[in-house]
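# An overview of the molecular structure
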Amino acid sequence: MKKRYRVIVIALSLAVVLGGGAIIIKNQTSADGTSLQNEVPSTSSLISPEKKKQYAEEVLSKPVSVIQTKYGDFYHIEVPNEYLSDEVADFDNNEVANSKTKQIILKTFVYEKK
């Protein structure tokens, strides 16, 4: 008798686990593989207005360490070298980098190719 109960308990446990797993998987993804969870809070609602202002000030006041382009990596420098105007790309004025570019200006910070 004990063996029969043990088999029944194991079979029911497996059925519950497999059924629960199938329901979870079905609710997580649709047929094309995209997530159905639309109630994800945006990060902007999770950050207080004071923190948003602080982050915006930091982004505008600190240079990035590296700018990567298809023509190479440009690193931030404190004291810029002098280059011809066709070797400088001013991203603030919507100029684009090219193969001759040796210096980039972005948010008034200067970056040079090394």
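Residues numbered from 1 in each chain as written. Predicted model: local features only at pLDDT ≥ 70, side-chain atom pairs only at ≥ 80, totals over all residues. Heavy atoms only, no water.

## Some points on a nonpolar patch on the surface
Among the surface-exposed residues, Met 1, Tyr 5, Ile 8 and Leu 12 lie close enough to one another that they form a single nonpolar patch of about 470 Å² accessible area. Considering the arrangement of structural elements, one finds Tyr 5 in helix α1 (residues 2-28). (Patch = residues over 30% accessible without salt bridge, like charges linked within 9 Å, V, L, I, M, F, W, Y side chains within 5 Å. Areas by Shrake-Rupley, 256 points an atom, 1.4 Å probe, with all protein chains shown as cover. Salt bridge = Lys/Arg side-chain N within 4 Å of Asp/Glu carboxyl O. Helix = DSSP H or I, 4+ residues; strand = E, 2+ residues; numbered from the N terminus.)

## Thoughts on the environment of Asn 94
For Asn 94, the position within the fold is in the loop between β3 (88-90) and β4 (103-106). Sequence separation of Asn 94 and Leu 106 is twelve residues, and the distance between their C-alpha atoms is 9.9 Å.

## Overview of the sheet that holds strand β5 (residues 109-113)
Where strands meet in a sheet, backbone hydrogen bonds hold them as pairs that are either parallel or antiparallel. Across the sheet, five strands lie side by side as β1-β2-β5-β4-β3; this open sheet has mixed pairing. Looking at strand neighbours, the two that pair on one side only are β1 (66-69) and β3, the edges of this open sheet. Taking each pair of neighbouring strands and ignoring which way they run, the sheet shows an average axis angle of 25 degrees. Of the pairings in the sheet, the one linking strand β2 (residues 72-77) to β5 comprises four bridges and is antiparallel in character. (Pairing = 2+ DSSP bridges. Axes fitted to C-alpha atoms, helices over the stretch in contact; angles between N-to-C directions.)

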